[in-house]
Amino acid sequence: MGSSQNDPREPRRGVSSEQQAAAEIAAEQAYVDVVYGRLDESTKVAQSLVTEGFARGHVGNEGGLVERDAMVFQATRRLSALNAAHDGLVFGRLDLQGGEARYIGRIGVRDAEREILLVDWRAPAAALFYQATAQDPTGVVRRRVLRSSGKTVVGVEDDLLDAENAPEDMVVVGEGALLASLSRARDSTMHSVVATIQKEQDEAIRAPSRGATIIGGGPGTGKTVVALHRAAYLLYTDRRRFESGGVLVVGPSSVFMSYIERVLPSLGETAVTLRSLGEVVDGVGAREHDEPVAAAAKGSSRMLPVLRRLATSPQPGEPTSFRYFYKDDVLVLDAKKLANIRRGLLSNLPRNRAYPKAPAAVARALWQQVSGERALEKGEEGFLDELTTDHRYVDFVEAWWPPVDAVELWRTLPKRVGELANGAFSREELDAMVTSWASGVPAIEDVPLIDELRYLLGEVPPDDERDDDVPRQLMSFERREREVENELRSTTSIDDDGYAHVLVDEAQDLSPMQWRMLGRRGRYASWTIVGDLAQSSWPHADEAEQARVAALEGKVEHRFRLSTNYRNSAEIYDLAADVAQVAIPGADLAEAVRRTGEAPRHEWVADAALLDAVAAEADTMLERVEGTVAVVAARADLPRLRARLADRLAAHDRLRVLDGLDTKGLEFDAVVVVEPDAIVAESEAGWRTFYVVLTRATQLLTTVGTTQTWLSRVS
């Protein structure tokens with residue numbers, strides 16, 4: 001474009017760049033005020049509709065109640081979306097060839113004449129905001145990101161994509177939105193990156209809705225936030241399907257789910273279920289991982305035969321025989337006969353679904369033994385009339401075939417796993433599992449086992465369930481209630497487990513049993529799967545891959561790889577990449593895009609000085625960064641570290657003490673890694689876990705240890 005005085009990237013003569021930026025911010029603020037004014041009007045309308053809907057419930061007829069429920073539901077949903085999108089509502093602007101300015105926001109907003117004030121970021125008209133590049137501007141001259149605090153515009157960042165077509169008076173402010181966002185301090189929650197999504201990320205977000213979208217790439221490439229934006233995009237493009245069927249988002253831990261829980265509401269979506277792996281089954285919650293040996297054993301597909309035998313075998317305390325006197329006959333059901341009845345009942349039905357048929361099956365087996373003349377005179381109907389009113393028969397059937405709850409049955413595993421395993425597990429594995437079950441509280445790795453038992457057993461039948469093929473008196477006895485310790489029990493029906501879309505983050509960590517648990521919830525769903533093999537904490541990748549393929553059976557796959565690490569400085573990621581190469585030669589490594597001049601530091605101290613050295617380093621990090629600081633160590637070291645840092649944890653809510661697995665998916669401004677060699681030695685996947693830990697740091701990284709064996713491996 002001619003001389004520099006006409007270059008839109010240069011300030012106009014006599015006007016400083018600061019003055020130009022201030023003028024641009026003021027102009028954008030005026031437009032943003034108009035949009036917020038319209039948003040406030042829409043909020044008032046939604047509130048009035050909620051009030052009106054409740055009023056219609058007083059009409060006094062069924063139609064009025066239905067109309068009330070529909071109106072209140074729709075108005076409340078709209079109100080939630082408006083409230084969720086309030087902060088940072090307007091975040092982008094496109095200046096197109098021909099002079100059109102198009103504003104992009106978290107939701108769509110129209111003026112009173114139905115003219116568009118703000119384009120929803122998921123709408124096709126907003127796609128250019130993410131897809132336009134300097135190499136292919138697709139009609140976009142300038143892309144602007146508005147940075148806001150509440151309703152106030154505090155800054156703008158511009159990308160000039162088509163200088164040839166830029167007006168001479170167009171102002172370009174800042175160094176680009178993406179690089180500006182990378183320097184922001186982290187807090188305890190993940191933020192939407194809707195304003196800074198890059199082209200390769202946007203392609204994954206807008207992938208076809210059918211089948212399974214697989215998003216891979218190294219740490220810091222934005223896999224998680226891209227997947228969450230994809231969930232919001234799918235809800236926008238096919239709301240009826242995904243909202244009615246439900247969207248399930250599954251992450252590795254409750255810490256991680258707390259971290260991401262703000263993202264989807266900030267994008268205008270509240271109709272999504274967020275669950276950690278320990279919370280997938282309603283009513284059965286787990287927050288702690290097992291020790292590595294027990295975790296690997298429970299997660300293995302070798303557990304399947306154990307659980308199948310458990311679900312079909314006699315329960316402890318069940319009677320092994322039954323003797324009944326009828327007229328001149330002695331009717332006997334010994335262990336062999338009872339086993340035959342059991343096999344017949346279980347041949348086509350799970351145990352609990354066979355429950356209504358058990359009384360009739362026992363009665364038939366007894367009638368087949370009747371041979372006395374007096375007994376035969378009464379006939380089968382007379383026999384059943386007498387049998388089913390006899391408390392001995394009623395008590396026997398109830399004791400022999402009681403309905404079984406999955407959690408109740410899971411609690412019997414410590415005493416039975418050895419006999420049911422048939423040599424599939426080593427003594428070390430069996431001992432580790434039995435020890436893990438001693439508390440009676442499920443670990444995260446137990447939740448898939450309980451879920452498997454739910455399906456193997458079938459639903460616990462309601463008290464009034466009957467079988468039309470059996471005389472009613474056969475079911476006349478009342479089932480005794482069995483209270484499960486701590487009231488731990490699944491609270492939903494198997495029929496309600498399915499979703500329309502399943503999003504799985506940190507998928508490389510899933511065990512075969514966890515894949516089975518999620519596969520049941522996504523049998524008829526589309527999927528978004530996010531993962532990176534180099535970060536896997538599951539030690540048997542081939543076994544997990546087979547389970548993943550089974551969970552996605554018949555679904556077409558769309559694969560995307562994110563290649564740029566936006567999280568870590570190059571100095572930090574260079575070290576992490578060396579560690580990754582030890583774990584997985586040829587690992588999929590991303591490219592870090594920024595340097596800070598801050599290389600990772602390594603401290604080597606004596607045993608007695610370790611805790612003091614960690615405390616001093618935590619103090620240094622808290623002083624140097626404005627955002628979050630994590631102290632990460634092997635699980636066994638956490639109690640003493642938390643005790644030593646108790647005063648600092650109480651004084652700073654931005655300081656965390658975590659083990660390696662709990663850092664999955666998180667990021668911190670500064671990380672102190674304690675005893676790296678202990679993290680490496682903690683499990684078969686120790687090197688990969690260490691790689692994950694290193695890549696959590698965005699600005700500063702220090703290791704503190706009494707040994708440095710690991711460092712000699714990567715130097």
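Above this text you will find the structure in question.
Quick caveat: nothing in here was measured; it's all calculated off a predicted structure. Think of each chain on its own: its residues are numbered from 1, step by step along the sequence as written. This being a predicted model, a pLDDT of at least 70 is required before a residue's local features are given, and a value of 80 or more before pairs of side-chain atoms are given or counted; all residues contribute to the totals for chains, interfaces and linings. Each side-chain value is derived from all of the structure's non-hydrogen atoms; neither hydrogens nor water enter the calculation.

Draft legend 1. Geometry of the packing of aromatic side chains. Here is the rule: rings of Phe, Tyr and Trp (six-membered ring for Trp) pair when centre to centre is within 6.5 Å. Planes less than 30 degrees apart are stacked, more than 60 are edge-to-face, and the remainder are tilted. Within the structure shown, the criterion is met by eleven aromatic pairs. Aromatic pair F91 and F129: ring centres 5.9 Å apart, planes at 70°, arrangement edge-to-face. With F91 in strand β1 (residues 90-96) and F129 in helix α3 (residues 127-131), this pair connects stretches of sequence that are 38 residues apart. Here F91 matches F129 in class, with each residue buried. Members of the aromatic cluster, connected to one another through ring pairs, are F322, Y324, F396, W400 and W401. The criterion for a charge sitting over a ring is simple: Lys NZ or Arg CZ within 6 Å of the ring centre, and within 35 degrees of the ring normal. Here the basic side chain of R520 rests over the ring of Y455, its NZ or CZ set 4.8 Å away from the ring centre. Secondary structure elements follow DSSP: runs of H or I of four or more residues count as helices, runs of E of two or more count as strands, with numbering from the N terminus. For each residue, the accessible area found with a 1.4 Å probe, counting protein chains only, is set against the maximum for its type, and the residue is called buried under 20%, exposed over 50%, and partly exposed in between.

Draft legend 2. Representation of the environment of F668. Tracing the sequence through the fold places F668 in strand β20 (residues 668-674). On a C-alpha basis, the gap between F668 and R567 in space is 9.4 Å, while along the polypeptide they are 101 residues apart. It only takes one pair of heavy atoms within 4.5 Å for two residues to be counted as in contact. For F668, the residues in contact, after removing those within four places along its chain, are T628, V629, A630, R656, L658, R696, A697 and T698.

Draft legend 3. The pairing of strand β4 (residues 116-120), seen in detail. Burial analysis of β4 places four of its five residues in the buried class, which makes it a mostly covered element. At least two DSSP bridges between two strands are required for those strands to pair. By the bridge criterion, two bridges tie strand β2 (residues 101-105) to β4 in an arrangement that is parallel. Note on β4: the bridge partner recorded for G105 is D120. Looking at chain direction, strand β3 (residues 109-110) and β4 are connected through two bridges and run antiparallel. Directly across from R110, in β4, lies its bridge partner I116. Counting the residues that bridge the hairpin from β3 to β4 gives five residues, and of these R114 lies at a positive phi of roughly 70°.

Draft legend 4. Structural view of the sheet that holds strand β5 (residues 140-149). Strand order in this open sheet of six strands is β3-β4-β2-β1-β5-β6, and the pairing throughout is mixed. Edge positions in the sheet fall to β3 and β6 (152-160), since each has one partner strand and no second. Relative to β6, β5 runs antiparallel, the two sharing eight bridges. From the neighbouring strand, R143 faces β6, where its bridge partner is D159.

Draft legend 5. Local environment of the environment of K151. As for its placement among the helices and strands, K151 is situated in the loop between β5 and β6. Since its relative accessible area comes to 38%, K151 is described here as partly exposed. The sequence separation of K151 and G88 amounts to 63 residues, and the corresponding C-alpha distance is 6.7 Å.

Draft legend 6. Examining the pattern of salt bridges more closely. Any Lys or Arg side-chain nitrogen located within 4 Å of an Asp or Glu carboxyl oxygen qualifies as a salt bridge. This model, assessed by the stated rule, comprises 47 salt bridges. One salt bridge in this structure joins E545 and R548, with 2.9 Å as the shortest N-O distance. One end of the pair, E545, and the other, R548, are both in helix α22 (residues 541-551), three residues apart, so they sit about a helical turn from each other. Among the residues examined, E545 registers a relative accessible area of 36% and is labelled partly exposed. Looking at R548, the relative accessible area reads 10%, which means it is buried. Its salt-bridge partner being R567, residue E667 comes within 3.1 Å of it at the nearest N-O pair. Taken together, the residues span a long stretch of sequence, with E667 in the loop between β19 (655-659) and β20 and R567 in the loop between β15 (564-565) and α23 (570-583) at a distance of 100 residues. The exposure classification of E667 matches that of R567, with both residues buried. Linked through salt bridges whose partners overlap, the residues forming this network are E24, E28, R93, D95, R142, R144 and D158.

Keep in mind that these numbers describe shape and distance, not what the molecule does.
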